[in-house]
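Residues per chain are reported as follows:
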Amino acid sequence: MAVKLPIYMDYAATTPCDPRVLEAMLPYFCETFGNAASRNHVFGWEAEAAVKEARSQAAELIGAQAKEIIWTSGSTESNNIAVKGAARMYAATGAGTSGRGHIISSRLEHKAVLDPCKSLEREGFDVTYITPETDGIITADMVKDVIRDDTILVSLMWANNEIGTINEVPEIGALCHEREIIFHTDATQWVGKMPVDVVKDNIDVMSWSGHKIYGPKGCGALYVRRRKPRVRLEAIMDGGGHERGMRSGTLNVPGIVGFGKACALCLDEMDSDRARLLKLRDKFESELSSRMEVVQVNGHPEKRLSHMSNMSFGFVEGEGLMMGIKNIACSSGSACTSASLEPSYVLKALGVGDELAHSSLRLSMGRWTTEDEVDYAIEHITKAVEHLRSMSPLYDMYKEGIDLSKVQWQAH
Amino acid sequence: MAYSNKVIDHYEHPRNVGSFGKTQEVKERKDIGVGVVGAPECGDVMQLQIRVNDDGKIEDAKFKCFGCGSAIASSSLATEWIKGKTIDEALELRNSEIVEELSLPPVKIHCSVLAEDSIKTAIRDYQEKNDLNGNAQADSE
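Residues numbered from 1 in each chain as written. Chains lettered and ligands numbered in written order. Predicted model: local features only at pLDDT ≥ 70, side-chain atom pairs only at ≥ 80, totals over all residues.

Visitor: How should the sheet that holds strand E12 (residues 360–364) of chain A be read in this particular structure?
Guide: Hydrogen bonding along the main chain pairs the strands of a sheet, whether they run parallel or antiparallel. Residues and elements named next belong to chain A. Overall, antiparallel pairing links the three strands, which are arranged E9-E10-E12 in an open sheet. The open sheet has two free edges, formed respectively by strand E9 (295–297) and E12, since each of these has just one partner strand. Taken over all neighbouring pairs, the strand axes of this sheet differ in orientation by 25° on average, direction set aside. Judged from the three bridges that link them, E9 and strand E10 (residues 308–313) form a sheet pairing that is antiparallel. (Pairing = 2+ DSSP bridges. Helix = DSSP H or I, 4+ residues; strand = E, 2+ residues; numbered from the N terminus. Axes fitted to C-alpha atoms, helices over the stretch in contact; angles between N-to-C directions.)

See below:
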């Protein structure tokens, strides 16, 4: 088994750029370098034509019209424009007042949605954050329960970035349309891996990013529905009025060309990629679960993305575990791996305890993941967990039958 | 974050891993002091056990650790340093010395604090079992 090390299993963090994407981008740096907003010469026209083509490719992937695509710098910006832009546009009262409107989101959202929500709270909006059950799924019923007469916006991710769980997006969208509420979904982990039809899926505004779909970093998109309803968003950055006035700034033409190409490739290849990765993921999880005790898969067992696995290995700490598998690039919900030194708020929100978050590992696979790499990961994760359990006081206590939840710990 | 070579060495080849017996057996032995500090929900639990002879010398030390590489290295190093020392000498060990030896970055200083506390807690346990008036305070900074 010849495996090239290190192995990349962090596709949910970012994907390598597909060489076909890079090839499409290259002419737009030095040769076709025009500003897409230059309307009066051939350099501008060529750039504009390239952007137009990319817009169609992006739209096709999600069943939208080309005009409904707004270029951004990535999902963080898309989410900011969507959440702040919709709230401010549809606010019941003006800036500086209270009672401007009600927004629904969830505790499992990415910070790029949670932080805009927090800033809107300071601006006079009310926000309800739904907490899911332990399976991590946000259902339409959960949304229905918290909708109010003054609800103006629902923002919920399609698939979670840490555990891959899939929310009931089409159903939630239908509910929002019934109640004339704008529905935004952060689909960063979903688009390019799973089919999207923004019309059938009842989506008004949707964010996604180039670098999660084998495209370049620094390039994202926002779908903004133009019909039934025609969604308007207040710009968060003032300037030249590009992108239907919703996002000013000279377009990143090479990035956009790459983004479009990446979308086109995903449209062709996502079904076969998904089927292949599901097999690898299932092998990965079932092997690890059968080789060791007290191993848990986090999130709903079926309703989750097929290329991602979030597992907790009892009695070992995530960062310590990652140190033992230094040839496998992955993520952990452990506090030690986060800048804030807090364990994953997503895993905590599932109500399964900080302990589980500390012991968690997220592995995400993609277009170039091979079965040999998965076998290598199974082998080395098993070894590392066994090594760490051999020095874990918690594992000893477990083996002696001591109930860890009843021990008087000296927390610091 | 990159780990220092010393942290990696302790992680890969931990010194003195183990215990002197099952939890209950160890509790009943007067020559052994046990210190367990930290909590699973905080992501760090260190268990340090010392075996002390009649002259008050730490003849042997064992550790077990649930935690990151720096926590494992800090506790492994702690056992190395206190073996062969008297209780009074072991009490002088400061977490800053561990930080320095392992080149721990600021975010990992708490690992060294835990190691110092585990030594003090183990010594206090030994002293209490033997009705000795010790001065082991787990209040390191």
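Having seen the model, we can carry on.
Visitor: Any chance you could explain unusual backbone geometry here in plain terms?
Guide: With the exception of glycine, the majority of residues adopt a negative phi angle, and the majority of peptide bonds are in the trans configuration. With an omega dihedral of -5°, the bond running from Leu 5 of chain A to Pro 6 of chain A counts as a cis peptide bond. Geometrically, the link from Lys 228 of chain A to Pro 229 of chain A is a cis peptide bond, its omega value of -5° lying close to zero. Looking at the element boundaries, Pro 229 of chain A is found in the loop between strand E8 (220–224) and helix H8 (253–291). The backbone of Asn 16 of chain B sits at a positive phi, close to 60°, despite the residue not being glycine. With respect to the secondary-structure elements, Asn 16 of chain B resides in the loop between helix H1 (5–12) and helix H2 (23–28). We note that Ser 103 of chain B has phi near 50°; this positive angle belongs to a residue other than glycine. Looking at where Ser 103 of chain B falls in the secondary structure, it is placed in the loop between helix H5 (95–102) and helix H6 (109–129).

Visitor: Hey, could you run me through the domain arrangement of chain A in this one?
Guide: As a measure of interface size, the accessible area lost when the parts come together is often cited. All names here are of chain A. Partitioning chain A into domains gives domain 1 (7–13 + 270–400) and domain 2 (19–266). Averaged C-alpha coordinates put domain 1 and domain 2 at centres separated by 30 Å. Listed by partner, the interface residues are 22 residues for domain 1 and 21 residues for domain 2. Of all the secondary-structure elements, those providing two or more residues to the side of domain 1 that touches domain 2 are H8, E10 and helix H10 (345–349). The residue makeup of the side of domain 1 that touches domain 2, split by class, is nine nonpolar, eight polar and five charged. (Domains from an automatic or database assignment. Contact = placed C-beta atoms within 7 Å. Nonpolar A, V, L, I, M, F, W, Y, C, P; charged D, E, K, R; others polar.)

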